Amino acid sequence: MEAPLAGSFLIAEIGVIILLDRAISISNSKGAIGMRMGLVIWLIFINLVAYLVMSDDKRRARQRKERIPEKTLFLLAFIGGALGVLIAMNTKRHKTKHMSFRIGIPLLLLLNAVLYGYFLT
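Undergrad: Sorry, what's going on with the nonpolar core here?
TA: Note on soluble globular proteins: their nonpolar side chains tend to be buried together. Ranked by size, the top nonpolar core spans 19 residues in total, and within it Met-54, Val-85, Met-89 and Ile-105 carry the most contacts. Of all the elements in the fold, those that place two or more residues in this core are helix H2 (32-62), helix H3 (70-92) and helix H4 (99-120). Of all the elements, H3 adds the most residues to this core, at eight residues. Residue contacts for Met-89: discarding those within four places in its chain leaves Met-54, His-94, Lys-95, Thr-96, Phe-101, Arg-102 and Ile-105.

Below, the structure written as structure tokens:
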């Protein structure tokens, strides 16, 4: 039996390494502007990953397969992917009855917005 998200985590880890390497090289060569660009790339990347992981969990739920732990979904939201999780929740109708997700994900989205606003300005 395949471990939950083994392939997805590997892809995400490789992507994070490449992204961080790119962000560091941009910020070293272009200062604050490069760091902002790296942060924007991270924002897009982590939200795409969060959306795909949430969608994969919905697919696994339908197929009655081993699920992705909720703490993993919350971790993705915490590290910047709250918008991706929230969009997947609403478009896939997944985890919308869980109060922890209905309250927690919007709060994490607010935290993400404040932190991104702080670092991008």
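Next comes the rest of the account.
Undergrad: It is not clear to me how the confidence of the model for the protein chain should be interpreted in this structure. Could you clarify?
TA: Any segment with low pLDDT has predicted coordinates that should not be analysed in fine detail. For the protein chain, the mean per-residue pLDDT works out to 82, and 73% of the residues sit at or above 70. Mean pLDDT in the protein chain bottoms out at helix H1 (residues 6-30), which sits at 58, and peaks at H3, which reaches 94.

Undergrad: Can you help me understand the packing of H3 against H4 in this one?
TA: Helix packing geometry: the angle between the two helix axes and the distance between the axes. Following both chains from N to C, one finds H3 and H4 inclined at 90 degrees, their axes separated by 8 Å at the closest point. Between H3 and H4, the angle is such that the two are roughly perpendicular. Of the residues that constitute the contact of H3 with H4, the class distribution is 17 nonpolar, five polar and two charged.

Undergrad: Explain the packing of aromatic side chains here, please?
TA: Aromatic ring pairs are described here by two measures, namely the spacing of the ring centres and the angle between the planes. One pass over the full model with this rule turns up two aromatic pairs. Here Trp-42 and Phe-45 contribute two aromatic rings whose centre-to-centre distance is 6.1 Å and whose plane-to-plane angle is 40 degrees, an arrangement assigned as tilted. Of this pair, Trp-42 and Phe-45 are both found in helix H2, three residues apart, which corresponds to roughly one turn of the helix. The interplanar angle of 35 degrees and the centroid separation of 4.4 Å between the aromatic rings of Phe-74 and Phe-101 together place this pair among those described as tilted. Placement of Phe-74 in helix H3 and of Phe-101 in helix H4 is noted, with a sequence separation of 27 residues between them. According to the relative accessible area criterion, Phe-101 is buried, its value standing at 0%.

Definitions and limits used
- Residues numbered from 1 in each chain as written.
- Predicted model: local features only at pLDDT ≥ 70, side-chain atom pairs only at ≥ 80, totals over all residues.
- Heavy atoms only, no water.
- Core = buried A, V, L, I, M, F, W, Y, C linked by side-chain atoms within 4.5 Å.
- Buried < 20%, exposed > 50% of the residue type's maximum accessible area, 1.4 Å probe, protein only.
- Helix = DSSP H or I, 4+ residues; strand = E, 2+ residues; numbered from the N terminus.
- Contact = heavy atoms within 4.5 Å.
- pLDDT = per-residue confidence, 0-100.
- Axes fitted to C-alpha atoms, helices over the stretch in contact; angles between N-to-C directions.
- Parallel < 35°, antiparallel > 145°, perpendicular 65-115°, else oblique.
- Nonpolar A, V, L, I, M, F, W, Y, C, P; charged D, E, K, R; others polar.
- Phe/Tyr/Trp six-rings, centres within 6.5 Å; stacked < 30°, edge-to-face > 60°.

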